[in-house]
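# Structural overview for review
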Amino acid sequence: MSRVTICRDCCCGSVRKVPGLDHEEQVRRLSELVEVRVSDCLDICEQANVIVVQPSPEGRRAGGRPVWLGLVNQADAVDDIVAWVKAGGPGLAEPPAILDLYLISPPRRNETRSA
């Protein structure tokens, strides 16, 4: 089964940044239904709350790649994410069309190289 990574650090999960959402409930609901990993900052704070749906091993073999979702600040979005993961997730099942509204690009990592 696919795994869900949910950001909970400086902005994601913060009532200050995203008021009106029960952040603990969001994690609890996801955790009850799918495998969840809570992460520190995923470096894309302007898109809080960020959730990454990782493909299962089977999904990866079928070409699935991690799918980044941002501004996941509506309780109903959790149901759509769970439905997709239970159907197979990236590489095995098409996501519900509504999740297109949440698609974001992962942050680019700035790497410095020594010469």
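Residues numbered from 1 in each chain as written. Predicted model: local features only at pLDDT ≥ 70, side-chain atom pairs only at ≥ 80, totals over all residues. Heavy atoms only, no water.

## A look at the sheet that holds strand E2 (residues 35-39)
Taken in spatial order, the four strands of this open sheet run E2-E1-E3-E4, and their pairing is mixed. Each edge of the sheet is formed by a strand with only one pairing partner; in this case those strands are E2 and strand E4 (67-69). Between one strand axis and the next, the sheet turns by 20° as a mean value, whatever way the strands run. In the sheet, strand E1 (residues 3-7) pairs with E2 via five bridges, with the strands oriented parallel. Of the residues in E2, the one forming a bridge with threonine 5 is arginine 37. Taken strand by strand, helix H1 (residues 23-33) contacts E1, E2 and strand E3 (51-54), and its axis lies near 170° from that of E1. Strand contacts of helix H3 (residues 75-87): E1, E3 and E4, with the helix running at about 10° to E3, the strand carrying the most contacts. (Pairing = 2+ DSSP bridges. Helix = DSSP H or I, 4+ residues; strand = E, 2+ residues; numbered from the N terminus. Axes fitted to C-alpha atoms, helices over the stretch in contact; angles between N-to-C directions. Contact = heavy atoms within 4.5 Å.)

## Remarks on H3
Ala77, Val78, Ile81, Val82, Trp84 and Val85 are the residues of H3 that are buried. Burial along H3 is one-sided: seen end-on, the buried residues are contained in an arc of 165°. Away from its buried face by more than 90 degrees, H3 exposes Asp76, Lys86 and Ala87. Each element contacted by the buried residues of H3 is listed here: E1, H1, E3 and E4. Looking one or two residues past H3, glycine 88 carries a phi angle of roughly 135°, positive in sign. (Buried < 20%, exposed > 50% of the residue type's maximum accessible area, 1.4 Å probe, protein only. Arc of directions from axis to C-beta.)

## With respect to the state of the cysteines
Tallied over the full model, the rule gives zero disulfides. Its sulfur unpaired, cysteine 12 is 3.6 Å from the next cysteine sulfur, which belongs to cysteine 7. Taking relative accessible area as the criterion, cysteine 12 reaches 3% and is therefore assigned buried. No disulfide involves cysteine 45; its sulfur sits 3.6 Å from the nearest other cysteine sulfur, which is in cysteine 10. (Disulfide = S-S within 2.5 Å.)

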